Amino acid sequence: MSLIEINLTQTMVNENLVDNIVSEPYKYGFVTEIESEKISKGINEDIVRLISSKKNEPEYLLNFRLNAFKKWKELQEPDWADLGYDKIDYQDIIYYSAPKQKDKIKSLDEVDPKLLETFDKLGIPLTEQKRLTNVAVDAVFDSVSIATTFKEQLAEHGVIFCSISEAIKDHSDLIEKYLGSVIPASDNYFAALNSAVFSDGSFVYIPKNVTCPMDLSSYFRINSGDSGQFERTLIIAEEGSSVSYLEGCTAPMFDTNTLHAAVVELIALDDASIKYSTVQNWYAGNEQGVGGIFNFVTKRGKCIGKRSKISWSQVETGSAITWKYPSCILIGEESIGEFYSVALTNNLQQADTGTKMIHIGPKTKSTIVSKGISAGHSSNSYRGLVKIGSQAKGARNYSQCDSMLIGDKAAANTFPYIQSQQPNSEVEHEASTCRISEDQLFYLQSRGIEFEEAVSMMVSGFCRDVFNQLPMEFAAEADKLLSLKLEGSVG
Amino acid sequence: MESKKEIKQPLLKISDLFASTDDLTILKGVNIKINSGEIHAIMGRNGCGKSTLSKIIAGHPSYKITSGKIELCVNDIEPLEPEERAQSGIFLGFQYPIEIPGVSNLEFLRVATNARRKFQKKDELDTFEFEDLVKEKLDIVKMDSAFLSRSINQGFSGGEKKRNEILQMALLEPKIAILDETDSGLDIDALRIVASGIKKIANENSGIILITHYQRLLDEIKPDYVHVMADGKIIKTGDSNLALELEKNGYDWTDEFINKN
């Protein structure tokens, strides 16, 4: 064996090790065998009407859906993102799939044990004996919410936490007022599609001056291989209130692509604060890029009130395609928008993610911290817009976008857009790209630290600014979901 | 005394070592033997192979041993990964310690110390026990505990980086420490702190190799042996007087020596 060959082998060994670490087998790939009610494939006006009638919706909502469907037909699928994928056949998707259950479930005891078992396996036990004690959970399985924990306890504080279907029935005034008020159906192609066919999702209402007594969480599970998931989340924080919310997602391994097109709207009134954290671990497809979730999500928060604050933090590790830009519209004077993101791509995953911070009110502030890690043959782009409107006197933004490359076949891009119409404002942008260097690895190894642990330490160190922003309870889960052995390596 | 020394097993034995990188042969037959309790100095011009030798002993993946052997306590270390070499007691003090952003120095030191302790079949230390230990060792290099909470070597001055290296040496208690130009870039005060730290750590059960260009480190730490390296070989070995000679006469004679042979 010549020297060069030996060196090559060594490098390959190292790269394989990195691969092994970042591509730990997908633990959530199982399918639950459950009888479900599905409607026929494809989308047309009748399907939209059928979904609405299945949910016994009021007329205003049916009209909302029909208008959205009309808009969707007029809109073009966006192609500006740095993503390449086969054309989606929208007529080959099932738009409604629900596990068969009794019509009215009064308590968790009546939920199909198979469903409870599924969430148990995902680490989200729902039954009273086992449920997480400090977090209320809304569990969504395919198109429907199957259970929400701690509802009564939250109601004592006036907090409403339920599925959006229930909210449509019981809190129609709030739905009519706020649904689509942040992301109108005409906003973009995927938001229009969601508005037409959304099946379920979570609803949160925090009344005036209430600090939500526990963290709220939604867990989205795609089970069926041929149906899309189109959930819709709406969070309203009244004056002086605050809430921390976490969203988790997993899906089984199928060799077909499943479409996930969600819409999340947040509304913060005067002095209200919403912290929205996501740990996204949809199935990413296999090493050859077969299968995986197409994740086209529109998330936006509106800081209507003075001194209100909306903070997005996300850990994106899954999906074959990620197209997602959680944004803030800063209207209220001195309102604050934040975006903290870690996006990890491996194999043939593609992510085009970032944020938009739209400064409208005076003295509004925004912070963007984005960390992209690309391994394998993946491609990972940050795309962000900071816009300072003409009225946003004294507005400030700070953006930091860092990329880390693992191996030499991955790609990282940064596309920052800055538009300012207000001379009296400050926009700061910093960006960096690094590669885990052989020298850094050797340094740690030469102190007795195993190769795998050395990589984990560095990745974890790279993400630390963002991990610090995650709610304490979920920071550990984020580590787990990053599929990296990060435990214990960072204090 | 003489006979006793002969039966003593060397800690580190390098025999007829040839090594290369990218098809370029850098080491051309190095022989060196270090017994416990000894301090050796390796001196020579830039590019003579001193730093390469130290990296090869530590297992840097860019270099390849083509023939010859390195033994630590009679065990051939060639099959060992760098981390296994470190765990079994080899320590390399870097000429240019690497900065690693985001990774806390304290956590790094704890993980490294425990990796070594595990190999030594000692109990691993928890956070509190380790903090006690590290505080004690900080004194050796007169380091402020504030350095522990920073990222590894990030934003450290040249002197601080070198002190951090010696702190690692103090924690890892290596059998054999190779200190690659630990004196470079240090002012005289920093040099004294580093040198006194090394002397405090040195003991009769371990060996030290000092790689240096200059006499000034050897004024602080008197070596038992001085080796002069040129063109990938050790061309002369002597006691500490050899270093003084080099200081006086320079390295030009080594070129002549190479040309002649």
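Residues numbered from 1 in each chain as written. Chains lettered and ligands numbered in written order. Predicted model: local features only at pLDDT ≥ 70, side-chain atom pairs only at ≥ 80, totals over all residues. Heavy atoms only, no water.

Counting from both sides, the interface comprises 27 residues of chain A and, opposite them, 40 residues of chain B. Taking both partners together, chain A and chain B bury about 2700 Å²; carbon and sulfur atoms supply 62% of that area. There are 1 salt bridge connecting chain A and chain B. Put simply, Arg447(A) and Glu165(B) hold a salt bridge, and the shortest N to O gap is 2.7 Å. Those elements that provide at least two residues to the side of chain A that touches chain B are α1 (3-22), α9 (438-445) and α10 (451-467) of chain A. Take the side of chain A that touches chain B: its biggest share by element is 7 residues, from α9(A). (Contact = heavy atoms within 4.5 Å. Buried area = accessible area lost by both parts, 1.4 Å probe. Salt bridge = Lys/Arg side-chain N within 4 Å of Asp/Glu carboxyl O. Helix = DSSP H or I, 4+ residues; strand = E, 2+ residues; numbered from the N terminus.)

Before going further, it helps to spend a moment on the side chain of Arg65(A). Residues and elements named next belong to chain A. Within the secondary structure layout, Arg65 lies in helix α3 (residues 59-74). For Arg65, a relative accessible area of 0% gives the class buried. Within the structure, Arg65 has its side chain in polar contact with the backbone oxygen of Phe198 (distance 2.8 Å). Those residues in contact with Arg65 that lie beyond four places of it in its chain are Val48, Ile51, Ser52, Lys55, Glu57, Ser195, Ala196, Val197 and Phe198. (Buried < 20%, exposed > 50% of the residue type's maximum accessible area, 1.4 Å probe, protein only. Polar contact = N/O pair within 3.5 Å; in protein donor to acceptor, adjacent residues only side chain to side chain.)

Moving on: the confidence of the model for chain A. All names here are of chain A. Averaged over every residue, the pLDDT of chain A is 83; residues scoring 70 or more account for 83%. Long-range and interchain partners of residues 1-21, a stretch whose pLDDT sits below 50, account for 27 contacts in this model, where long-range means more than four residues apart. Low pLDDT, under 50, characterises residues 483-491; the stretch is placed with 26 contacts to residues that sit more than four places away or in other chains. (pLDDT = per-residue confidence, 0-100.)

Attention now moves to the sheet that holds strand β5 (residues 75-76) of chain B. Residues and elements named next belong to chain B. Spatial strand order, β2-β1-β4-β5: 4 strands in an open sheet with antiparallel pairing. The sheet is open, and its two edges are formed by β2 (24-34) and β5, each paired on a single side. Pairing between strand β1 (residues 12-21) and β2: 8 bridges, direction antiparallel. Paired with Lys13 across the two strands is Lys33, which belongs to β2. (Pairing = 2+ DSSP bridges.)

Quick reminder: α-helices carry 3.6 residues per turn. Residues three or four places apart thus point the same way. All names here are of chain A. Among the 9 residues that make up helix α8 (residues 189-197), 9 are buried, leaving the element largely enclosed by the rest of the structure. For α8, the full list of buried residues reads Tyr189, Phe190, Ala191, Ala192, Leu193, Asn194, Ser195, Ala196 and Val197. Between the side-chain oxygen of the N-cap and the backbone nitrogen of Phe190 there are 2.8 Å, and the N-cap of α8 in question is Asn188.

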